Amino acid sequence: MTPTSAGPAATKVIGADRTTARTTWHRAVAACSLSATAAPGAFALYLVLTLVGGALPVVGAWLTKLVIDNLATGAAQGTTLIVIATGLGLVGAVVAITPQVTKYLRAEMERAVGLTAQDRLFKSVEGFVGLGRFEDPHFLDRLRIAQQAGGHTPNQAVDGILGTGRSAITVVGFVGTLLLLSPVMTVLVLLCGVPALAAQTALSRRRARMFWDIGPAERREIFYGQLLTDVAAAKEIRLFGIGGFLRGRMSSQRHTTNAAKRAVDRAEVRVQTGLGLLAAVVAGGGLVWAVWAAQQGRLTIGDITVFTAAVIGVQSALSALATEIARAHQALLMFDHYIAVTAAGPDLPVAAEPVALPPMRHGIELRDVWFRYSDEHPWVLRGVTLTIPHGKAVALVGLNGAGKSTVVKLLCRLYDPTRGTIRWDGVDIREVDPAELRQRIGAVFQDYMDYDMTAAENIGLGDLDSINDRERITRAARRAGVHERITELPDGYDTLLSRMFFTNADRDNPETGVVLSAGQWQRLALARAFLRHRRDLMILDEPSAGLDAQAEHEIHASLRQHRSGRTSLLISHRLGAVRDADEIIVLGGGRVVERGGHNALIESGGEYARLFALQASGYQAREVVR
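Residues numbered from 1 in each chain as written. Predicted model: local features only at pLDDT ≥ 70, side-chain atom pairs only at ≥ 80, totals over all residues. Heavy atoms only, no water.

The subject of this paragraph is the overall build of the protein chain. When helices and strands are counted, the protein chain shows 19 helices and 10 strands. Residues counted as buried form 42% of the 626 residues belonging to the protein chain. Of the contacts made within the protein chain by residues no fewer than 6 positions apart, 74% connect residues no fewer than 24 positions apart. (Helix = DSSP H or I, 4+ residues; strand = E, 2+ residues; numbered from the N terminus. Buried < 20%, exposed > 50% of the residue type's maximum accessible area, 1.4 Å probe, protein only. Contact = heavy atoms within 4.5 Å.)

Below you can see the structure in the form of structure tokens.
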């Protein structure tokens, strides 16, 4: 595990997006559409309550004015006052219950949107054909943000958008009220509100920018924290005594983020204090004017009430308007990562009309294949041409970095060759549906997976059509030499191979989960591959790397029996395991440097013979010198 960050590239993308109003509009539409689709009823009611909430303060202020004026003048009859008072009471009741209802609706939308957004995100990720995006740090960072943002930022954006509408309704209503009472005071209040709007917006943008700036430091802090509590790292951390060093680095990252947050908090205190003083001066001045106007007979007591409410309402609504705009803008920027992932589409070209993949009759051919991971990377393969004949076993050997595992990735179409073609019985695999191609391949990868599932499920994942076929699963386990170990588990094949999900009450109960050794996990991976034994091509990438000598011998004996008459590609650093292959291909520097049978390669005295002799020397008896 290593710390990653969005880096300058992500920041540049974000900055570019901020300058595009049209893009922001599209994000807003997408966020509202997601919320409306996931929870249509809750969204509609939330929309109505939020917008109605913007008019309630204005309505309440006018009803209060009518009550006071009628009481002061005694002009209205008792029935009229009761009707007005009843209306004022209803407004108060709606104001009282609206926050609770909207809180529930917001939570309901959060749950619905979270479920829908998660499903859409991972469905999109599932549609990535190759590995390129999963090995791109910038994209992985965007994917992590998309996971975090997809569930809640749509609702945050909706809250901000509707909050902006609510504040705008309040501002328009109170401005209209002020215009009726004093156009001059209306202009003064609005002019004083402009600095507040600008300051709040600038402050919110600064805070949003700060969160982006400290993102790398926060991720590094998380990395060091996870490292200090990771069981896999615990041995080395204690043996090398590096816990204090790592803790110091973690604390340093926290100091960095705290300093950035403190600077913004201090700026916010200064701005909010200034805005508060300005609002107090404007409100106080307006109140003095209103009292003077009332003394002159130009305003009633009710007018003073509604005027004061309007001044305070405009100021608070303008402040809220700035806050909601900034909140919506920040949420939409975060939501943009979700949109980018879900709209990314396939990472490798997929044929509009895929060619059917024929049953293998001749074999697979790599023709002048060149490959590198990007234009900035060196060539991994340099004009590789080789054939894996139908029904034959071909072995790939060579030093680390020779390109063996890259050949495997290309055969599974996890990447496409930069130049050259890979043909399956003459059909370019780029013209075939990737899912169909992979259905025809079985594989054991060097970096195989351990799934926190039952033993049966760990094997059955190799072929979902057989995940409930206990007979086939058992047969594959026997072939991989792991059946006896599974039957010894507390629940046999139904034993959970993980301690991740147990509770404190189950901590000492072995039946809640068992963790296997590395060699036993490798045998499970082999069983998973054996479940696909009917496939056209079997790829075995270091299938015995984690096994002891006896287990390795047993596995390779089983593999030799399994490979007999089948098309297979075997990769191993242990050359004794590949000596019986029909053809051995030696890669060096991304090129084929030798090919042939074991005996012929030994006799030629080339790279294979040199490597074989080096390994054999470690097993040869040495003469004891006395």
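And the narrative resumes.
Another aspect to go through is the sheet that holds strand β7 (residues 537-541). Read across the open sheet, the 6 strands follow the order β6-β7-β8-β3-β9-β10; overall the sheet is mixed. Each edge of the open sheet is held by one strand with a lone partner, namely β6 (441-444) and β10 (591-596). Averaged over all neighbouring strand pairs, the angle between strand axes comes to 20°, with direction disregarded. Bridge count for strand β3 (residues 393-397) against strand β8 (residues 567-571) is 4 bridges, and the pairing is parallel. Of the residues in β8, the one forming a bridge with Leu396 is Ile571. (Pairing = 2+ DSSP bridges. Axes fitted to C-alpha atoms, helices over the stretch in contact; angles between N-to-C directions.)

Further remarks concern the packing of aromatic side chains. Scanning the entire structure with this criterion turns up 9 aromatic pairs. An angle of 15° between the planes, with centres 5.4 Å apart, marks the rings of Phe335 and Tyr338 as stacked. One end of the pair is Phe335 and the other is Tyr338, both in helix α10 (residues 301-342) and 3 residues apart, which spans about a single turn. With a centroid separation of 6.1 Å and an interplanar angle of 25°, the aromatic rings of Tyr608 and Phe612 are classed as stacked. With Tyr608 and Phe612 both in helix α19 (residues 607-617) and 4 residues apart, the pair spans about one turn of that helix. The buried category is assigned to Tyr608, whose relative accessible area is 0%. Members of the aromatic cluster, each reached through a chain of ring pairs, are Phe128, Phe134 and Phe139. A cation over an aromatic ring shows up here: Arg133 above the ring of Phe139, its NZ or CZ 5.7 Å from the ring centre. Geometry around Trp370 places Arg419 over its ring, the cationic atom sitting 4.6 Å from the centre. (Phe/Tyr/Trp six-rings, centres within 6.5 Å; stacked < 30°, edge-to-face > 60°. Lys NZ or Arg CZ within 6 Å of the ring centre and 35° of its normal.)

On to the environment of Thr308, then. Locating Thr308 in the fold gives a position in helix α10. According to the relative accessible area criterion, Thr308 is partly exposed, its value standing at 27%. Remark: the alpha-carbon pair of Thr308 and Leu178, spanning 130 residues in sequence, is separated by 9.5 Å.

Taken as a whole, this structure holds 18 salt bridges when the rule is applied. Between Arg111 and Glu108 there is a salt bridge, with its nearest N and O atoms 2.8 Å apart. One end of the pair, Arg111, and the other, Glu108, are both in helix α4 (residues 78-126), 3 residues apart, so they sit about a helical turn from each other. Relative accessible area serves as the criterion here: at 29%, Glu108 is assigned to the partly exposed category. Through salt bridges with shared partners, a single ionic network connects Glu436, Arg440 and Asp536. (Salt bridge = Lys/Arg side-chain N within 4 Å of Asp/Glu carboxyl O.)

Once that is clear, we can look at the sheet that holds strand β1 (residues 363-371). The 4 strands are arranged β2-β1-β4-β5 in an open sheet whose pairing can be described as antiparallel. Across the chains shown, the open sheet's two edge strands, defined by having one partner strand only, are β2 (381-389) and β5 (427-428). By the bridge criterion, 5 bridges tie β1 to strand β4 (residues 419-424) in an arrangement that is antiparallel. Residue Arg367 lies in a different strand from β4, and its bridge partner there is Thr421. Against the sheet, helix α11 (residues 404-411) contacts β1, β2 and β4, and its axis sits at roughly 115° relative to β1.

Structurally, the position occupied by Arg523 is in helix α16 (residues 518-530). Looking at Arg523, the relative accessible area reads 11%, which means it is buried.

A contiguous nonpolar surface patch, about 370 Å² in accessible area, is contributed by Val184, Val187, Leu188 and Leu191. Its location among the elements puts Leu188 in helix α6 (residues 183-213). On the basis of relative accessibility, which here comes to 41%, the residue Leu188 falls in the partly exposed class. (Patch = residues over 30% accessible without salt bridge, like charges linked within 9 Å, V, L, I, M, F, W, Y side chains within 5 Å. Areas by Shrake-Rupley, 256 points an atom, 1.4 Å probe, with all protein chains shown as cover.)

Attention now moves to the confidence of the model for the protein chain. Do not read the predicted coordinates in detail wherever pLDDT is low. Counting all residues, the mean pLDDT for the protein chain is 80, and 88% of those residues have values of 70 or more. Within the model, pLDDT remains below 50 along residues 1-22, and this stretch shows 29 contacts once partners closer than five positions in the same chain are excluded. Taken as a whole, residues 621-626 scores under 50 in pLDDT and shows 0 contacts with residues more than four places along the chain or in a different chain. (pLDDT = per-residue confidence, 0-100.)

Time to look at α11. Within α11, 6 of the 8 residues are buried, leaving the element largely enclosed by the surrounding structure. Along α11, the residues that are buried comprise Lys404, Thr406, Val407, Val408, Leu410 and Leu411. Of the residues flanking the end of α11, it is Arg413, one or two places downstream, whose phi is positive at about 50°.

With respect to the helices and strands, the residue Arg133 is situated in the loop between α4 and α5 (137-181). Despite its burial, Arg133 pairs with no opposite charge, the nearest such side chain being Asp347 at 4.7 Å. Among the polar contacts listed, one links the side chain of Arg133 to the backbone oxygen of Ala344, at a separation of 3.5 Å. With sequence-adjacent residues up to four places away left out, Arg133 is seen in contact with Phe128, Phe139, Leu140, Ala344, Gly345, Pro346 and Asp347. (Lys, Arg positive; Asp, Glu negative; His and termini not counted. Polar contact = N/O pair within 3.5 Å; in protein donor to acceptor, adjacent residues only side chain to side chain.)

If a residue is not glycine, its phi is most likely negative; likewise, a peptide bond is most likely trans. Phi is positive for Asp368, close to 50°, though the residue is something other than glycine. Within the secondary structure layout, Asp368 lies in strand β1. Phi at Arg413 is positive, roughly 50°, even though this residue is not glycine. Note that Arg413 resides in the loop between α11 and β4.

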